[in-house]
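Understanding the architecture of this molecule
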Amino acid sequence: MILAAAYIRVSTDEQMDYSPAVQLEEILSYAEKNGFHIPEEFIFKDEGISGRSAEKRPGFQEMIRQARKKQNKIKYIIVHKYDRFARNKEDAVLYKALLKKDGVKVISVKEPIPQDDKFAVIYESMLEAMAEYYSLNLSEEVKKTMVKKAHQGEYQAPPPFGYTMKNKVLIPISHEAAMVRFLFEAYANGQESMFSLSRHLNQLGFRTHRGGLFENRTVQYILNNPVYKGYSRWTPTGQIRRDFRNPDSVIAKGTWEPLVSEELWEAAAMRMAKEKRTHYAHKRPETEGKHWISSMIKCSACGRSLAISGNYKKKDAFHLQCGGYNHGQCHISHSLSSNRLFPALFETLKEVTKGNEEREPYYISRHAKAIDETASIEKMVHKTKGRLAKAKEAYLAGIDTLEEYGKTKMEFDAELVRLAEKRTAWKRHQQSIGNASIYDKPLDMLTLLQNEEVSLEGKRAAFKEIVEKIVYDKANDRLEMFFIDEE
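Residues numbered from 1 in each chain as written. Predicted model: local features only at pLDDT ≥ 70, side-chain atom pairs only at ≥ 80, totals over all residues. Heavy atoms only, no water.

Concerning the overall build of the chain
Basically, it comes down to this: Secondary structure follows DSSP: runs of H or I at least 4 residues long count as helices, runs of E at least 2 residues long count as strands, and numbering of each begins at the N terminus. Exposed residues in this analysis have more than 50% of their type's maximum accessible area, buried residues have under 20%, and partly exposed residues fall in between, with area computed by a 1.4 Å probe over protein chains only. Working rule for contacts: check all heavy atoms of both residues, and any pair within 4.5 Å makes them a contact. Method for areas: the Shrake-Rupley scheme with a 1.4 Å probe, in which residue coverage is limited to the protein chains shown.
In terms of regular secondary structure, the chain is built from 16 helices and 15 strands. A buried classification covers 42% of the 487 residues belonging to the chain. For the chain, restricting intrachain contacts to residue pairs at least 6 apart in sequence, the fraction spanning at least 24 positions comes to 63%. Accessible area of the chain: about 28500 Å², with a carbon and sulfur share of 52%.

Okay, here's the thing in structure tokens:
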């Protein structure tokens, strides 16, 4: 008998007509009549999964792997209909071509095609095209239905924290619902930050419905979810990715029991809007540029980087804190002042650069790539102008007062003046040394880090050339510096 494999797929909208049991029964009957043998281990299934994407079907991928193994000697893959194999013409052509290279053919129980007939090529292509058309048309119809349900206020997603789903209706989970109310009340009243609330949830043993720890963004999502005030939110473009004010979203009154009043929900929203001016859309890259030491100091408890907190420009001092602790995922505070950090760090570098019998002095590589200080300054100018534009938007939107905007504008204008002066000074310096760069010659690392003429980017690149990381052990008040070995 000829060895074959069976592939069975059913999506949720086809349970009745193409159930796995029906498909398997007809495939086995076809195999018996036509002299094929299908071992139990060569029956592959994907249940409740669309045929639009082969990559998202684990059963399909496993079948392809097994069929292409020469030791298995599989000659045919039998499906109930060709659209079970794929509803995407590109996938159908690709995977059939791969199988053909290994001498494996795909045949359909309900759509028999003579394998040696030239017309079979055209006929099979037509079936694949029709399957893709059906899938696309079905997708449009499903979307229309979902839009209609959204406007009617039906909830069309997994139940959020605080609820479970019974008969397609959201039902409150008492202990989670109580915690949701606490989150809104504590945040709206200004008693707690999202960070402290996420830590509180984790310490009490609460977990998300996916089993994960709570973070700032998890709490932020809860506080922005209108489901808790009794409204559904459905976005046709897919996941909102924290774009909570997406104009395409459909928001409608639902029929389930809300966990908080609309007044409390709006109070929390007002506090978030007030704080939004300090959380600009592209602030992450700017945070990385706060100092050349950024991301280099690691927490000994969780391994995350210590982030700079507070306004580090005040008196040239700042504090660092474990990023995991800031997000409620590390329970040990690793706060460290720059006034304590740099004397210890510079002393270590001083000892290293002295050199001894075991270690040569560390210098910046003679072949290190020259750093464009002008580009670095222009980058900071662009960021500052962006922040100034955001501050203006906050004022026009009524989030900031005229006094607040005026103060912010003065600070940013002063920063632009400082950057302009720095740009002029650097151009003069370049003219004085011609086309050479100060990075073209070996410099003592300690001297470079203390040189105010060198940009943050320049210091960071140089420091990372010799130091891999620095681990701060709060319990033992100890810094451990890991150098990059030079071959």
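Comments concerning the pattern of salt bridges
Two side chains carrying opposite charge are able to pair once their charged atoms lie near each other. Test applied: Here, a salt bridge means any Lys or Arg side-chain nitrogen found within 4 Å of an Asp or Glu carboxyl oxygen.
All chains considered together, the criterion is met by 10 salt bridges. For Arg 84, the salt bridge identified is with Asp 83, shortest N-O distance 3.0 Å. For the pair Arg 84 and Asp 83, a shared accessibility class is recorded, and that class is buried. The residue Lys 229 makes a salt bridge to Glu 266 at a minimum N-O spacing of 3.0 Å. Of this pair, Lys 229 sits in the loop between helix H8 (216-224) and strand E8 (231-234) while Glu 266 sits in helix H9 (residues 262-275); the two residues are 37 residues apart in sequence, bridging distant segments of the chain. Accessibility expressed as a relative area gives 36% for Glu 266, which makes it partly exposed.

Considering H9
What counts is decided by this rule: Working rule for helices: expected span equals 1.5 Å times residues minus one. As used here, the arc is the angular range of directions from the helix axis to the C-beta atoms.
Spanning 14 residues, H9 covers 20 Å between terminal C-alpha atoms, matching the ideal 20 Å at 1.5 Å per step. Every buried residue of H9 is accounted for by Leu 264, Trp 265, Ala 268, Ala 269, Arg 271 and Met 272. Looking down the long axis of H9, one finds its buried residues gathered within 160 degrees of arc, a one-sided arrangement. The outward face of H9, more than 90 degrees from its buried face, is lined by the exposed residues Glu 263 and Met 270. Buried residues belonging to H9 abut helix H6 (174-188), helix H7 (194-203) and H8.

Looking at the sheet that holds strand E11 (residues 306-309)
In plain terms, the rule: Any two strands are treated as partners once DSSP identifies two or more bridges connecting them.
An order of E11-E12-E13 is seen for the 3 strands of this open sheet, with the pairing classed as antiparallel. Edge positions in the open sheet fall to E11 and strand E13 (336-337), since each of these has one partner strand only. By the bridge criterion, 4 bridges tie E11 to strand E12 (residues 319-322) in an arrangement that is antiparallel. Bridge pairing in E12 places Leu 306 opposite Cys 322.

Some words on the side chain of Gln 61
Within the secondary structure layout, Gln 61 lies in helix H2 (residues 58-67). A residue is classified by how much of its surface remains accessible, and Gln 61, at 18% relative accessible area, is buried. Not counting residues up to four positions away in its chain, the partners in contact with Gln 61 are Ala 54, Glu 55 and Tyr 95.

As for the state of the cysteines
Spelled out, the test is: In what follows, a disulfide is any cysteine sulfur pair within 2.5 Å.
Within this structure, the stated rule accounts for 0 disulfides. Cysteine Cys 299 remains unbridged, with the sulfur of Cys 322 as its closest cysteine sulfur at 3.8 Å. Look at Cys 299 and you get buried, because its relative accessible area is 3%. Unpaired in this structure, Cys 302 has its nearest cysteine sulfur neighbour in Cys 322, at a distance of 3.4 Å. For Cys 302, a relative accessible area of 28% puts it in the partly exposed group.

Some points on helix H4 (residues 89-101)
In this model H4 runs 19 Å from its N-terminal to its C-terminal C-alpha over 13 residues, within 8% of the 18 Å that 1.5 Å per residue would give. Directly beyond the C-terminal end of H4, a positive phi value near 75 degrees is found at Gly 103.

Brief notes about unusual backbone geometry
Peptide bonds are trans in most cases, and residues, glycine excluded, mostly fall at negative phi. The backbone of Asn 167 shows a phi angle near 55 degrees, a positive value even though the residue is not glycine. Position of Asn 167 among the secondary structure elements: in the loop between strand E6 (163-166) and strand E7 (169-172). The backbone phi angle of Lys 168 is positive, close to 65 degrees, even though this residue is not glycine.

Here's the deal with the nonpolar core
Filter applied, for reference: Joining through side-chain atoms within 4.5 Å is the link that ties buried Ala, Val, Leu, Ile, Met, Phe, Trp, Tyr and Cys residues into a set, and such a set is a nonpolar core.
Among the nonpolar cores identified, the biggest contains 32 residues, and Ile 293, Leu 345, Leu 349 and Phe 463 are the most heavily contacted of them. Secondary structure elements with two or more residues in this core: strand E10 (297-299), E11, E12, helix H12 (338-354), helix H15 (445-449), helix H16 (456-466), strand E14 (467-473) and strand E15 (478-483). Counting residues per element, this core draws most heavily on H12, at 5 residues. Each residue touching Ile 293, except ones within four places of it in the same chain, is listed here: Phe 318, Leu 341, Phe 342, Leu 345, Phe 463 and Ile 470. The next biggest cluster of nonpolar side chains, apart from the first, holds 30 residues, and it includes Tyr 155, Met 194, Leu 264 and Ala 269.

Description of the sheet that holds E10
Going by this rule: Throughout, an axis means a line fitted to C-alpha atoms (over the contacting stretch in the case of helices), and angles, computed between N-to-C directions, take values from 0 to 180 degrees.
With mixed pairing, 3 strands are arranged side by side in an open sheet as E10-E14-E15. Strands at the two margins of the open sheet, each flanked by one partner only, are E10 and E15. For this sheet, the mean inter-axis angle between neighbouring strands, taken without regard to orientation, is 30 degrees. Its contacts with the sheet place H16 against E14 and E15, and it is angled at close to 85 degrees to E14.

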